[in-house]
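Geometric and topological summary
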Amino acid sequence: MSKEFSYKDFFIKYGLLMAIVSVTVGILVYFSIISNNSWTKNLGTSLQKVLNDNSSEQNEWILNENIYINNPFAYNASCYSVTNVSEKKDYIAIIVRINSFYGPLPAVFIMDEENNVDFIGYSSLNGRIKEKINKANDNRVRYWKNKIPQVLKDIER
């Protein structure tokens, strides 16, 4: 009672399996690309809101474009070119997730052309807690102020 092995049936089943796997991977890649564009746009909106909330004038900052960071250390960061309307100067703004006493928070920094980095504030905070956390003199913020010029050294301005 031996069963004959058919190569034709084997390759049909194998081809069907590979087609299903290929379609599934293609769908996952497609949704990753779509979500990445949305993610970049929403991070830029959040970054611009933090810059405008912490400036003296409303709509003082204009978000220009997303800048690709070619550094594996910047996995949790997104970088944008921004313009200060009142000073008429271009800056590099970076939003990076840092660990704080209150958990991981997205922090916003700006860097000028001389690689001077300023901490602007944390995104997604409101009310009194925002004022307390943004005014705290934190070692993690100082660490990132020193690390950001190294992370952004290879970007094109």
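See the structure printed just above.
Residues numbered from 1 in each chain as written. Predicted model: local features only at pLDDT ≥ 70, side-chain atom pairs only at ≥ 80, totals over all residues. Heavy atoms only, no water.

Observations regarding the overall build of the protein
Across its full length, the protein carries three helices and five strands. Taking the contacts inside the protein whose residues are at least 6 apart along the sequence as the reference set, 42% of them involve residues at least 24 apart. Roughly 11300 Å² of accessible area belongs to the protein as shown, and the carbon and sulfur atoms make up 54% of that amount. (Helix = DSSP H or I, 4+ residues; strand = E, 2+ residues; numbered from the N terminus. Contact = heavy atoms within 4.5 Å. Areas by Shrake-Rupley, 256 points an atom, 1.4 Å probe, with all protein chains shown as cover.)

Notes on the pairing of strand S2 (residues 77–84)
Taken across its eight residues, S2 has eight buried, putting it largely inside the fold. Burial along S2 is two-sided: Ala77, Cys79, Ser81 and Thr83 and Ser78, Tyr80, Val82 and Asn84, pointing in opposite directions, are all buried. Pairing geometry for strand S1 (residues 61–67) and S2, over six bridges, is antiparallel. Its bridge partner lying in S2, asparagine 66 is registered against tyrosine 80. Bridge count between S2 and strand S3 (residues 89–100): eight bridges; the pairing is antiparallel. Counterpart to asparagine 84 in the pairing with S3 is lysine 89. With antiparallel pairing between neighbouring strands as the criterion, S2 and S3 make up a hairpin whose turn holds four residues, including lysine 88 at a positive phi of roughly 55°. (Buried < 20%, exposed > 50% of the residue type's maximum accessible area, 1.4 Å probe, protein only. Pairing = 2+ DSSP bridges.)

Comments concerning the nonpolar core
By size, the foremost hydrophobic cluster in this structure holds 22 residues, and its most contacted members are Phe109, Tyr122, Ile148 and Leu152. Setting aside its immediate chain neighbours within four residues, phenylalanine 109 contacts Ile92, Ala93, Ile94, Val96, Val117, Asp118, Phe119, Ile120, Val141, Trp144, Lys145 and Ile148. The next biggest cluster of nonpolar side chains, apart from the first, holds twelve residues, and it includes Val50, Trp61, Val82 and Ile110. (Core = buried A, V, L, I, M, F, W, Y, C linked by side-chain atoms within 4.5 Å.)

Some details on the pattern of salt bridges
As enumerated under the stated definition, the model contains one salt bridge in all. Taking the shortest distance from any N to any O, the salt bridge between aspartate 53 and lysine 49 comes out at 2.9 Å. Residue aspartate 53 and its partner lysine 49 are both found in helix H1 (residues 7–53); the two are separated by four residues, about one turn of the helix. Classification of aspartate 53 by relative accessible area gives partly exposed; the value is 36%. The exposure class of lysine 49 is partly exposed, given its relative accessible area of 48%. (Salt bridge = Lys/Arg side-chain N within 4 Å of Asp/Glu carboxyl O.)

Quick notes on H1
Taking 1.5 Å of rise per residue, 47 residues should cover 69 Å, and H1 covers 68 Å from first to last C-alpha, within 8% of that figure. Regarding H1, the residues found buried are Thr40, Leu43, Gly44, Leu47, Val50, Leu51 and Asn52. Those residues of H1 hidden inside the fold are in contact with S1, S2, S3, strand S4 (103–111) and strand S5 (117–122). (Expected span 1.5 Å × (residues − 1).)

What to know about helix H3 (residues 139–151)
Since the α-helix packs 3.6 residues into each turn, any two residues three or four apart lie on the same face. The terminal C-alpha atoms of H3 lie 18 Å apart, and with 13 residues this matches the ideal 18 Å at 1.5 Å per residue to within 8%. Within H3, the axis deviates most sharply at lysine 145, by approximately 25°, and proline proline 149 lies no more than four positions further along. Here H3 has its buried residues at Val141, Trp144, Ile148 and Val151. Turning to H3, the residues buried within the fold contact S3, S4 and S5. (Bend = angle between axes of the 7 residues up to and from the residue.)

So yeah, pure geometry; function would need other evidence.
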